[in-house]
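Coordinate analysis (summary)
In case you want the letters, here they are:
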Amino acid sequence: MILTLISFLGLLVSGSQAVLQATISLSKVELSVGESKFFTCTAIGEPVSIEWFNPQGERIMSSQRVVLHTERVRSRLTIYNANIEDAGIYRCQVSDARGQTQEATVVLEIYQKLTFQEMKSPQEFRQGEVAEVACNVTSSPVPIVTWLYNNMEITADSFKRFQILPNNNLQIQKVAKADEGVYRCEARVEARGEIDFRDISVIVNVPPVLSVPQQSFNATADYQESVTLTCRAYGSPEPEVTWHRRGKQIEESDQYVLKGRGTMLTICSIKQDDGGSYFCKATNKAGVVEEELVLKVFVQPHITLLNNITAVEGSATMISCTAEGEPVPEVSWRRASDGYSFTDGDKSPDGRIEAHGRKGKSTLTISVVKLSDWGRFDCEALSRIGGHQKSMYLDIEYAPTFLSNYTIYFSWEGNPINISCDVIANPLASILWKRNKITISGEGTGHTRVYNTDGRSLLEVTPMSERDFGRYNCTASNKIGMRFQEFILAQADVPSNPYAVRLSSVSQRWATVSFMKPDSHGGVPIGHYLVKYRDIGLQDWRDVKSNGVQTMVLLTNLEPNTTYEVRVAAVNGKGQGEFSRTESFQTLAIREPSPPSVHGQRGGGKSYRLSLIKQDDGGTPIVEYIIKYRTRDREDSWMFKTVPGVSDQVLLQHLQWNTEYEVEITARNMQGLSEPTFYEFKMPQKQDITADSLFSSLGLGAVVGLGVAALVLILVAVDVSCFFLKQCGLLMCITRKGCGKKTATSGKSKDLEEGKAAYLKDGSKEPIVEMRTEEERITNPDDGSHINEPNETTPLTEPEKLPLKEENGKETLKPDAIEVKVHSDNSIQTKEEDSKA
């Protein structure tokens, strides 16, 4: 011990190097699976690196679940959602510039808490079967499981049909409806006094039973007649009743109506086909049961023959409808396009359509078919017991018809254009293009090409000379007939001149020109407008293009107090048209700028930021903005500030809290000053900003100095411990030589009073040396308060340097409360209370 102390003192006196030490805030931790924990490793000395190693000896790198955070002499290891594999010894290794290393360790023990896995509730069973209620619970050590029902523990004596299986599940022989209820699975771990439980709802399902009051029904296929079939079901849970016919489930529709939770099926508008067997099926979780019900239906009218037909426009055609039934039905017609009805002997208003019929059959004759006849015809067969209706479609074939009357197209030499020929016909027509009675082939020539789709043909023409302009013929034909349409490809011209040119607004440096569109665009759309302008004293014109076909153009970079000429021409694909009449205008003279627009917002600390929005600069750049401001009470004098004219903001600093200010902002150019803009704002209440921790506020030298002072205090504590416990050490030598034996004894009592040393409660002779520093108070020089006021370089939301925390929320390693244990092997540990998990 004396040699170690002399070695430490030698290092301290020489001032060459500091002793390197490493401590971890916790030495041993018990942690449950899924919990999270962090450990703090602190280095004393001058470390250059702090590294962590896992129980396998591998260096730990930060990941999503294991996170490292190192800050100067401290490193924090955080383990999230711990699992069994995380158990073991973790090492913190610190190294200094000389290559020396020191380590500290912490032991992490992981245990499994009571865990219920895949707990299904409710659990359902069928009446009469052997039920096994599952309770899957795990822990380490293995838990003791008991079952309770109605607050009574289930035992073999009290519950004859119940048995707890080796896998902790509860078995019930011949489970009955009376066994339903909530069962509690309770698990205990005696070693830890841990207990947990789960309540499981047990449901016993009873197979369905059907009750059918009537199984056979007779019905007449009347148009409005309906029959209701009834089938009642009983069971637990309440059975679902469904109806089936011909192997398919009956869904609710206009024909089938389900009521009473499906127990009653109403068949509406009964037809002959509705007769036969219907099956009522009851289903629940415990089983399925089925009953057959029979419906007998009398014959009603039924249409047996009605076909779609196709007719040619202008020709004659005939439609027939045949129906069966008892009694034999009467047949009638209805035209869907206008709702007109035909019975035997009826004619249409124009006399073209006439109906002829006898029992069970009717014929509709059309003498001259028109396109208006196209569409649906309804045939209806009626008797005293009901009716039947079917529809057919009359399709009409007709010769081609052209859809568009647009037959004149414009282009120019070298510009391709598409001529569209749109046709409707039934059946579809084939389309050909002709030029001077010569058919243009599908592949086309060097100047023409054809693209065909159903009902449309595009002729692409690229005129190369005047002979490519002229007439083109589109011929459409099908088996009904042939039609043709003639198209003219004309030469486009340049647009006529725009007119009504005027200057809608003029400034020192810019002017807005507006005008009216030309009367003629030359056959092709105008692409843009060309505006030419010049100084009236110069020969060269300057050009500006419009944005698309907008009839307003902005002229920029003009000279103040200068007369200009302007003219406008329209440009299309063919080229540029004639210019409009030349107009003249004069720009404004240079003057003072307009007052700026101002917006404000809080700055950092005792500052306020003003945003400057330039208005009219008067024709010459703004040189500077002049800002003067003062408090609203007008007792203070004006304060002045200037910023360059290119600035868009100004920062007012060193303002007073909770104070209203008034501001005047003036813009200046070479001509003079603008009118001032007035602005007012109020500073908020003084902010409550907590000073950072002592370590973060100290510089590197101060931290090193604190480290050296801590080392000196540790050495003194070791020497004091040696003096009191073993009557040795440097202090013992000094007291024996200077004061004698009696003085040493009195000095020992005094050191016990002043040094606050105490023996460990386990009886060991290793002392606890407590070392504390007073919290440094940081004072605001402005008002004497203990708060760091923000200045111009202080961010409003500086990240807090928070101290590391234990699980119970107590701060660790605070600079104003450092407590250290010194052991004979020179290792440093935290107090026992701080090591608890």
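Every value quoted in this text rests on a predicted model; they were computed, and no experiment measured them. (Residues numbered from 1 in each chain as written. Predicted model: local features only at pLDDT ≥ 70, side-chain atom pairs only at ≥ 80, totals over all residues. Heavy atoms only, no water.)

Section: the overall build of the protein chain
Rule in force here: The helix count covers DSSP runs of H or I at least four residues long, the strand count covers runs of E at least two residues long, and both are numbered beginning at the N terminus. Each residue's exposure class comes from its accessible area (1.4 Å probe, protein chains only) as a fraction of the maximum for that residue type: buried when under 20%, exposed when over 50%, partly exposed otherwise. A 1.4 Å probe and the Shrake-Rupley method give the accessible areas. Residues count as covered only by the protein chains that appear here.
Regarding its fold elements, the protein chain presents 5 helices and 64 strands. In the protein chain, which comprises 837 residues, the proportion classed as buried is 38%. Surface summary for the protein chain: the accessible area is close to 47100 Å², and the carbon and sulfur share equals 50%.

Observations regarding the state of the cysteines
The line we're drawing: Counting rule for disulfides: a pair of cysteine sulfur atoms within 2.5 Å.
The tally for this structure, following the rule as stated, stands at 5 disulfides. There is a disulfide in this structure between Cys41 and Cys92, and the S-S distance comes to 1.9 Å. Looking down the S-S bond of the Cys41 and Cys92 bridge, the torsion is -80°, so its handedness is left-handed. Of this pair, Cys41 sits in strand β3 (residues 37-44) while Cys92 sits in strand β7 (residues 88-96), and the two are 51 residues apart along the sequence. Of the two residues, Cys41 and Cys92, both sit in the buried class. A sulfur-sulfur separation of 1.8 Å characterises the disulfide bridge that pairs Cys321 with Cys379. Judged by the sign of its S-S torsion, about -90°, the cystine formed by Cys321 and Cys379 is left-handed. Here the residue Cys321 occupies a position in strand β30 (residues 317-324), and Cys379 occupies one in strand β35 (residues 375-383), the gap between them amounting to 58 residues. In this structure, Cys321 and Cys379 share a single accessibility class: buried.

Looking at the pattern of salt bridges
Cut-off, in case you're wondering: For this analysis, a salt bridge means a side-chain nitrogen from Lys or Arg found within 4 Å of a carboxyl oxygen belonging to Asp or Glu.
Counted by the stated rule, this structure contains 36 salt bridges. A salt bridge links Arg59 to Glu51, with the shortest nitrogen-to-oxygen separation between them at 3.6 Å. The class of Arg59 is partly exposed, set by a relative accessible area of 48%. Judged by its relative accessible area of 22%, Glu51 is partly exposed. A cluster of three or more residues bridged by salt bridges with shared partners is formed by Arg335, Asp338, Asp350, Arg352 and Asp373.

A look at the sheet that holds strand β19 (residues 216-219)
Formally: One bridge is not enough; two strands pair if DSSP finds at least two bridges between them.
Within the open sheet, the 5 strands sit side by side as β19-β27-β26-β22-β23. Their pairing is mixed. Edge positions in the open sheet fall to β19 and β23 (248-249), since each of these has one partner strand only. When strand β22 (residues 240-245) meets β23, the two strands line up antiparallel, connected through 2 bridges. When the sheet's bridge partners are listed, His244 is paired in β23 with Gln249.

Some details on the side chain of Thr263
Threshold: Nitrogen and oxygen atoms within 3.5 Å of one another constitute a polar contact, given that in protein one can donate a hydrogen and the other can accept it, and given that sequence-neighbouring residues count only through two side-chain atoms. Residues are treated as being in contact if the distance between any of their heavy atoms lies within 4.5 Å.
With respect to the helices and strands, Thr263 occurs in the loop between β24 (256-259) and β25 (264-267). At 2.8 Å, the side chain of Thr263 and the backbone oxygen of Gly260 are in polar contact. When neighbours within four sequence positions are excluded, Thr263 is seen to be in contact with Leu229, Thr230, Cys231, Val241 and Trp243.

A look at the sheet that holds strand β49 (residues 552-555)
Our working rule: Only the stretch in contact is used when fitting a helix axis, every axis being a line fitted to C-alpha atoms; angles between N-to-C directions are given from 0 to 180 degrees.
One open sheet accounts for 3 strands, arranged β45-β46-β49; its pairing is antiparallel. What marks the edges here is a single partner per strand, and that holds for β45 (499-506) and β49. Averaged over all pairs of adjacent strands, the angle between strand axes in this sheet comes to 25°, irrespective of strand direction. Strand direction decides the pairing type here: strand β46 (residues 511-516) and β49, joined by 4 bridges, are antiparallel. Bridging across to β49, Ser514 finds its partner in Met552.

Here we look at unusual backbone geometry
A cis geometry characterises the amide bond from Ser236 onward to Pro237, with omega recorded as -5°. Relative to the helices and strands, Pro237 is located in the loop between β21 (232-236) and β22. The linkage connecting Asn426 with the following residue, Pro427, adopts the cis geometry, with an omega of 0°. With respect to the helices, strands and loops of the structure, Pro427 is situated in the loop between β38 (417-426) and β39 (430-435). With a phi angle near 65°, Lys437 is a residue other than glycine that sits in the positive phi range.

With respect to the environment of Gln687
Within the element layout of this structure, Gln687 appears in the loop between β60 (677-682) and α2 (694-697). Judged by its relative accessible area of 25%, Gln687 falls in the partly exposed class. Placed 81 residues apart in sequence, Gln687 and Lys606 show a C-alpha to C-alpha distance of 9.7 Å.

Section: the packing of aromatic side chains
Applied cut-off: Each pair of aromatic rings taken from Phe, Tyr and Trp, with Trp reduced to its six-membered ring, is defined by centres within 6.5 Å and is described as stacked if the planes are under 30 degrees apart, edge-to-face if over 60, and tilted in the remaining cases.
In total, this model carries 13 aromatic pairs according to the counting rule given. Residues Phe159 and Phe162 carry aromatic rings whose centres are separated by 5.2 Å and whose planes lie at 70° to one another, so their mutual orientation is edge-to-face. Both residues of the pair, Phe159 and Phe162, count as buried. With centroids separated by 6.3 Å and ring planes inclined at 25°, the aromatic side chains of Phe162 and Tyr183 adopt a geometry described as stacked. Residue Phe162 is located in strand β15 (residues 162-164), and its partner Tyr183 is located in strand β17 (residues 181-189); the two are separated by 21 residues in the primary sequence.

Comments concerning the pairing of strand β18 (residues 194-211)
Pairing analysis gives 4 bridges linking strand β10 (residues 123-126) to β18, with the strands arranged parallel. Note that in β18 the partner of Arg126 across the bridge is Asn205. Linking β17 to β18, which pair antiparallel, is a turn of 4 residues; within it Gly193 sits at a positive phi near 65°. Taken together, the 4 bridges between β18 and β21 define a ladder with antiparallel strand orientation.

Description of the side chain of Ser75
With respect to the helices and strands, the residue Ser75 is situated in strand β6 (residues 74-79). Among the polar contacts made by the side chain of Ser75, one reaches the side chain of Trp52 at a distance of 3.0 Å. With residues near it in sequence (within four places) discarded, Ser75 still touches Phe39, Thr40, Cys41, Ile50, Trp52, His69 and Thr70.

Quick look at the pairing of strand β43 (residues 470-477)
Consecutive side chains of a regular strand alternate in pointing toward one face of the sheet and then the other. Taken together, the 5 bridges between β39 and β43 define a ladder with antiparallel strand orientation. Looking across to β43, one finds that Trp433 is bridged to Cys474. Where β43 and strand β44 (residues 482-491) come together, 8 bridges link them in antiparallel fashion. Bridged to Tyr472 within β44 is Phe487. Counted along the chain from β43 to the antiparallel partner β44, the turn is 4 residues long.

Observations regarding the environment of Thr322
Positionally, Thr322 belongs in strand β30. Distance in space between the C-alpha atoms of Thr322 and Leu306 is 6.8 Å, their sequence separation being 16 residues. Excluding residues within four positions of it along the chain, Thr322 makes contact with His302, Ile303, Thr304, Leu305, Gly360 and Lys361.

Details of the confidence of the model for the protein chain
Quick reminder of the rule: Confidence scores here are pLDDT values: one per residue, from the predictor, ranging 0 to 100.
Averaged over the protein chain, the pLDDT score is 82; the fraction of residues at 70 or greater is 82%. Predicted confidence for residues 1-16 stays below pLDDT 50, and this span has 18 contacts to residues more than four positions away or in other chains. Residue range residues 738-837 is modelled with pLDDT below 50. Its contacts to residues more than four positions away, or to other chains, number 156 contacts.

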